[in-house]
Amino acid sequence: MTTPNRWLLPALTGCAVLLTIASVLIGKLTLTWDMWSSHDLVTRTIFLELRVPRALMGVVVGAALGLAGAAMQAYLRNPLAEPGTLGVSSMAALGAVLSIFFSIAGLHPWALPIAGVLGGIAGMAALFLLAGLTGSVLTLVLTGILLSTLSIAGISLVLSLSPNPWAAGEIVRWMLGALTDRSIDDLIFATPIVAIGSLLIMSCRDALNALTLGEIGARALGIDLRSIQWRLCVGVGLVVGASVAVTGIIGFVGLVVPHLLRPLVGARPGALLIPSALRGAVLVLAGDIVVRLLPGGSEVQLGVVMSIVGAPFFFALLYSLRRRLV
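Residues numbered from 1 in each chain as written. Predicted model: local features only at pLDDT ≥ 70, side-chain atom pairs only at ≥ 80, totals over all residues. Heavy atoms only, no water.

1. Examining the overall build of the protein chain
1) Next: Summing up its helical and strand segments, the protein chain has 14 helices and zero strands in all.
2) Next: Reading the helices (α) and strands (β) of the protein chain from amino to carboxyl end gives α-α-α-α-α-α-α-α-α-α-α-α-α-α.
3) Next: Taking 2.2 N^0.38 as the reference for a compact globule, 326 residues should give roughly 20 Å; the C-alpha atoms of the protein chain span a radius of gyration of 20 Å, in line with that estimate.
4) Next: Referenced to the eigenvectors of the C-alpha coordinate spread, the extents of the protein chain come out at roughly 65 × 55 × 35 Å.
5) Next: Burial status across the protein chain gives 50% buried among its 326 residues.
6) Next: Within the protein chain, counting contacts between residues at least 6 apart in sequence, those at least 24 apart form 79% of the total.
7) Next: Split by element, the accessible area of the protein chain, about 15,100 Å² in all, is 71% carbon and sulfur. (Helix = DSSP H or I, 4+ residues; strand = E, 2+ residues; numbered from the N terminus. Rg over C-alpha atoms; globule rule 2.2 N^0.38 Å. Buried < 20%, exposed > 50% of the residue type's maximum accessible area, 1.4 Å probe, protein only. Contact = heavy atoms within 4.5 Å. Areas by Shrake-Rupley, 256 points an atom, 1.4 Å probe, with all protein chains shown as cover.)

Right, here's the structure in full:
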């Protein structure tokens with residue numbers, strides 16, 4: 001184990017804990033010990049029903065997106081792989097929107113999130129079927145564009161047919177991605193699903209390391225690639241679908257995080273999974289604190305901020321790959 005690895009996990013964990021505390025305390029109204037000790041009902045309501053669920057949701061969603069991005073890049077052996085850029089997040093959003101359009105979401109509080117999870121799993125399955133295990137960078141990007149285009153077209157159709165303009169506006173705002181006004185119920189729904197999906201992804205850790213030798217090398221080591229493929233399909237679908245269902249689309253987290261950590265971990269994709277989850281939580285929490293502190297009457301959506309940060313990173317990465325291939 002190299003020297004950076006010894007301090008990497010403790011440092012990331014410490015940052016995540018500090019940012020979680022900061023997320024609870026910082027906002028338009030900064031909570032202090034004096035306010036808390038005064039037993040003020042408004043302060044307690046803000047703390048327990050708004051700030052705590054929002055901070056914990058940031059941890060869960062950030063960890064889920066960071067883990068999913070690292071797993072997809074390792075399995076597809078492609079640095080551009082990420083749920084948002086490859087259309088998996090959009091497919092999850094389409095599933096959630098369709099449940100609203102067909103009035104399925106009103107049947108049960110968990111109907112809409114479950115529809116988002118199913119959409120995420122369908123997106124991963126379509127990605128694997130269309131791009132394959134050995135798909136090139138171009139094939140993967142084109143597949144992601146196809147899935148994103150189809151899902152956005154479906155969502156646009158639903159919005160255009162929506163009889164309620166107010167509901168359509170709320171769907172559009174939700175799709176931009178945010179942790180605002182998330183409740184304990186959202187957290188209770190998302191956390192177990194993300195945990196199950198994360199366990200499925202972590203169970204593929206050794207196989208992801210073996211895949212650095214190529215498909216033939218992995219098979220020679222006894223890796224069942226079909227089993228790994230479907231475990232990742234369900235695992236990534238669960239974590240991404242649950243995240244999108246409760247927060248909307250927060251893109252580029254899974255793209256940026258693994259690239260920032262890879263120099264510290266080395267050529268071991270399996271060893272990158274846990275650090276990426278922690279770094280994803282740190283990135284989402286930091287971004288959410290920033291949007292709360294920006295001046296203005298209303299908050300900028302977190303998904304917009306992540307896109308502003310991630311889009312130039314994606315462009316630079318794509319340009320670097322192009323120069324290497326030419």
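2. What about the side chain of Ser 151?
1) Next: Along the chain, Ser 151 falls in helix α6 (residues 137–161).
2) Next: A polar side-chain atom of Ser 151 sits 2.9 Å from the main-chain carbonyl oxygen of Leu 147.
3) Next: Beyond its immediate sequence surroundings of up to four residues, Ser 151 is in contact with Ser 90, Met 91 and Leu 94. (Polar contact = N/O pair within 3.5 Å; in protein donor to acceptor, adjacent residues only side chain to side chain.)

3. Notes on the packing of helix α8 (residues 184–202) against helix α11 (residues 225–247)
1) Next: Here α8 crosses α11 at 160°, and the two axes come no closer than 8 Å. Classified by the angle their axes make, α8 and α11 are roughly antiparallel. α8 and α11 meet at a crossing whose hand is left-handed. Across the interface between the two elements, Asp 186, Phe 189, Ala 190, Ile 193, Val 194, Ile 196, Gly 197, Ser 198, Leu 200 and Ile 201 from α8 touch Arg 231, Leu 232, Val 234, Gly 235, Val 236, Leu 238, Val 239, Ala 242, Ser 243 and Val 246 from α11. (Axes fitted to C-alpha atoms, helices over the stretch in contact; angles between N-to-C directions. Parallel < 35°, antiparallel > 145°, perpendicular 65-115°, else oblique. Left-handed = near helix turned anticlockwise from the far one by under 90°.)

4. Concerning the pattern of salt bridges
1) Next: One pass over the structure, following the stated rule, counts three salt bridges.
2) Next: In this structure, Asp 288 and Arg 292 form a salt bridge, with 3.0 Å as the shortest nitrogen-oxygen distance. With a gap of four residues between them, Asp 288 and Arg 292 both fall in helix α13 (residues 273–293), about one helical turn apart. Per residue, the accessibility class of Asp 288 equals that of Arg 292, and both read buried.
3) Next: One salt-bridge network, in which partners are shared between bridges, spans Arg 54, Asp 288 and Arg 292. (Salt bridge = Lys/Arg side-chain N within 4 Å of Asp/Glu carboxyl O.)

5. Quick look at the packing of helix α3 (residues 41–76) against α8
1) Next: One way to put it is that α3 packs onto α8 with a least axis distance of 10 Å and a crossing angle of 20°. By the angle class used here, α3 and α8 are roughly parallel. Viewed along their axes, α3 and α8 form a crossing whose handedness is left-handed. Of α8, the residues touching α3 (which contributes Leu 48, Pro 53, Leu 56, Met 57, Val 60, Ala 64, Leu 67 and Ala 71) are Ile 184, Asp 186, Leu 187, Ala 190, Thr 191, Val 194, Ser 198, Ile 201 and Met 202.
2) Next: Here the residues of the contact of α3 with α8 are counted per class, giving 14 nonpolar, two polar and one charged. (Nonpolar A, V, L, I, M, F, W, Y, C, P; charged D, E, K, R; others polar.)

6. Digging into α3
1) Next: Along its 36 residues, α3 runs 51 Å from first to last C-alpha, staying within 8% of the 52 Å computed at 1.5 Å per residue.
2) Next: At Arg 51, α3 shows its largest bend, some 35°, and a proline, Pro 53, comes one to four positions later.
3) Next: Of the residues flanking the end of α3, it is Arg 77, one or two places downstream, whose phi is positive at about 50°. (Expected span 1.5 Å × (residues − 1). Bend = angle between axes of the 7 residues up to and from the residue.)

7. Observations regarding a nonpolar patch on the surface
1) Next: Together, Leu 98, Phe 101, Phe 102, Ile 104, Leu 107, Leu 157 and Leu 161 make up an exposed nonpolar region whose accessible area comes to about 690 Å².
2) Next: Only α4 (88–101) and α6 provide two or more residues apiece to the nonpolar patch.
3) Next: One can find Phe 101 in helix α4.
4) Next: Owing to a relative accessible area of 32%, Phe 101 belongs among the partly exposed residues under this scheme. (Patch = residues over 30% accessible without salt bridge, like charges linked within 9 Å, V, L, I, M, F, W, Y side chains within 5 Å.)

8. A look at the side chain of Gln 73
1) Next: By the element assignment, Gln 73 lies in helix α3.
2) Next: What makes Gln 73 buried here is its relative accessible area of 4%.
3) Next: A distance of 3.2 Å separates a polar atom in the side chain of Gln 73 from the backbone oxygen of Ala 81.

9. Overview of the nonpolar core
1) Next: Judged by nonpolar contacts, the single largest core of 78 residues is most densely connected at Leu 127 and Leu 232.
2) Next: A per-element tally of this core places α3 first, with 13 residues.
3) Next: Grouped together as the second largest cluster of nonpolar side chains are five residues, Leu 80, Phe 252, Leu 255 and Leu 317 included. (Core = buried A, V, L, I, M, F, W, Y, C linked by side-chain atoms within 4.5 Å.)

10. Some thoughts on the environment of Gln 301
1) Next: Relative to the helices and strands, Gln 301 is located in the loop between α13 and α14 (302–325).
2) Next: Judged by relative accessible area, Gln 301 falls into the buried class, the value being 8%.
3) Next: Along the primary structure Gln 301 and Val 234 are separated by 67 residues, whereas in three dimensions their C-alpha atoms are 28 Å apart.
4) Next: In this structure Gln 301 touches Arg 173, Leu 176, Gly 177 and Ala 178, once residues within four positions along its chain are discounted.

Distances and angles like these do not, on their own, reveal function.
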